[in-house]
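# Residue-level structure breakdown
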Amino acid sequence: MSETLYYKPLSLQISAEDEGRMVRRVLEMRLGVSRKLLSRVKTTEQGITVNGERVYTNDRLKEGDILEVRMEQEQSEDILPQPLPLDIVYEDRDLLIVNKPPGIVVHPTHGHYTGTIANAAVYHWREQGERVRFRPVHRLDEDTSGLVAIAKNPYIHQQLSEQLQAGEVEKRYWAYVYGAPKIVNGTVDEPIDRDTDNPHVRVVRPDGYPSVTHYGTEMIFGEGLAAKVSLKLETGRTHQIRVHMKHIGCPLIGDKLYGFAGEEETDEGIKPVTKAGGSATLEAAVQRQALHAAILAFTHPITRERMRFEAALPQDLQDLENELRKL
């Protein structure tokens, strides 16, 4: 089998400390290779080699040996390449970071087989002559804009997924909400799960999955009619920010699922925002939930460098902020 069918290998020179250890043990300890990935690569001709020779995972290593792991190149055969705009923030042989516009789905789903970030990325890689399978490390809702990390091989996907689970990936958002948090800077630590009456909706419920959102109030508009908040996720549940902000009485402006379309709760019930530049103007200014994934930071699995990316506030949210300043 030709080596050109493999991605560039993960390589490690064996130290005196690892003398006599099994291949499997060293790959787990030094490179963090998962058992799932190990089981995949060990069956291929050049998947695991020592000094250029194929070995078994229970073979013993000697100081100075060059241990290499190769993953077979893959493509997303079920994703149609499309020449769509793709705002690439960063790319190397392992990673692709894109700034997703609102109104675009990350990955093809039922009803969204084309016009997604995946379709655009697959086309981009084909034009670059790369054989890459689309592996998003995390996703954003269709109407949320901002940064998305995409792994270009299974090892990178595994490593970044583990960083996410360990809370080592920094994700920060900007959001515009109705009302203003009663506690200016705080944490919403409330479990989230599906609504028993509507499985497409998430709600705060005692038996839900642990969910933690940290927030800070950056600006207050119209004497508390609306606010701009910064948010940092400690967990990554579906619709987490939208559910948590609604839970504290500050639903996102423009959120058709969890908001109340510009209405505010009062002792008399729910009534529209009536101040100048009211709810209709605000909803028209943004036409989607006012949420933007602005900052993404993590440790590069290969270089071990801490990387930090930032996406500027998109124009529609700038327009919304201008309307809010009129309140």
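Values in this document were obtained by computation on a predicted structure and should not be read as measured data. (Residues numbered from 1 in each chain as written. Predicted model: local features only at pLDDT ≥ 70, side-chain atom pairs only at ≥ 80, totals over all residues. Heavy atoms only, no water.)

Summarising the element assignment, Gln240 is placed in helix α5 (residues 240-247). For Gln240, a relative accessible area of 2% corresponds to the buried category. In terms of polar contacts, Gln240 uses its side chain to reach the backbone amide nitrogen of Arg237, at 3.0 Å. Once residues lying within four places of it in the same chain are set aside, the contact partners of Gln240 are Ile192, Ser211, Val212, Thr213, Leu233 and Thr235. (Helix = DSSP H or I, 4+ residues; strand = E, 2+ residues; numbered from the N terminus. Buried < 20%, exposed > 50% of the residue type's maximum accessible area, 1.4 Å probe, protein only. Polar contact = N/O pair within 3.5 Å; in protein donor to acceptor, adjacent residues only side chain to side chain. Contact = heavy atoms within 4.5 Å.)

Right, let's talk about the layout of surface pockets for a bit. In this model, the largest pocket occupies a volume close to 1100 Å³. Taken together, 37 residues line the largest pocket, and the ones lying closest to its centre are Arg139, Asp141, Gly236, Arg237 and Thr238. Going through the elements one at a time, α4 (154-165), β9 (170-178), β12 (198-204), β14 (226-233) and α5 are the ones with two or more residues in the lining of the largest pocket. (1 Å grid on protein atoms, 1.4 Å probe; cavity = no way out; pocket = protein on both sides within 12 Å on 5 of 7 lines; lining within 4 Å. Points joined across faces, edges and corners; volume = space filled by probe spheres on them.)

Here the focus is the pairing of strand β18 (residues 306-310). Only one face of β18 is buried: it carries Met307 and Phe309, and the other face, with Arg306, Arg308 and Glu310, is open. Pairing of strand β17 (residues 291-299) with β18 involves five bridges; the strand directions are antiparallel. In the strand pairing of β18, Thr299 is matched with Arg306. In this antiparallel pair of consecutive strands, β17 and β18, the connection spans six residues, and Arg304 shows a positive phi of 65 degrees. (Pairing = 2+ DSSP bridges.)

This part covers the nonpolar core. In this structure, Leu27, Ile48, Leu67, Tyr155 and Phe298 are the most contacted members of the largest nonpolar core, which totals 34 residues. Among all residues touching Leu67, those that are not within four sequence positions of it are Leu10, Ser11, Leu12, Ile14, Val23, Val26, Leu27, Ile48, Thr49, Val50 and Leu61. Counting residues in each nonpolar core, the second largest holds 29 residues, with Ile79, Leu140, Ala175 and Leu291 among its members. (Core = buried A, V, L, I, M, F, W, Y, C linked by side-chain atoms within 4.5 Å.)

Applying the stated rule across the entire model yields two cavities of 30 Å³ or more. When contributions to the lining of the largest cavity are tallied by element, the ones reaching two or more residues are α4 and β17. In the lining of the largest cavity, the residues fall into seven nonpolar, one polar and no charged. At the level of elements, β9 and β17 are the ones that each hand at least two residues to the lining of the second largest cavity. Taken together, the residues of the lining of the second largest cavity sort by class into six nonpolar, one polar and two charged. (Nonpolar A, V, L, I, M, F, W, Y, C, P; charged D, E, K, R; others polar.)

The next subject is the sheet that holds strand β4 (residues 66-69). Judged by pairing direction, the sheet is antiparallel, and its four strands sit side by side in the order β1-β4-β2-β3 without closing on themselves. Single-partner strands in this sheet number two, and they are β1 (10-13) and β3 (53-54). Pairing of strand β2 (residues 48-50) with β3 involves two bridges; the strand directions are antiparallel. Bridge pairing links Thr49 to Arg54 in β3. Sitting on the sheet, helix α1 (residues 23-30) touches β1, β2 and β4, and the angle it makes with β4 is about 75 degrees. (Axes fitted to C-alpha atoms, helices over the stretch in contact; angles between N-to-C directions.)

Here the focus is the environment of Glu17. Take Glu17: it is sitting in the loop between β1 and α1. Residues Glu17 and Lys62, spaced 45 residues apart in sequence, show a C-alpha to C-alpha distance of 9.7 Å. Of the polar contacts made by the side chain of Glu17, one reaches the side chain of Arg30; its length is 3.3 Å.

This paragraph deals with the packing of aromatic side chains. Under the definition given, this model contains three aromatic pairs. With centroids separated by 5.9 Å and ring planes inclined at 40 degrees, the aromatic side chains of Phe298 and Phe309 adopt a geometry described as tilted. Here Phe298 is found in strand β17, whereas its partner Phe309 is found in strand β18, with eleven residues between them in sequence. In this structure Phe298 comes out as buried when scored by relative accessible area, which is 2%. These aromatic residues form a ring-pair network of at least three members: Tyr90, Phe298 and Phe309. (Phe/Tyr/Trp six-rings, centres within 6.5 Å; stacked < 30°, edge-to-face > 60°.)

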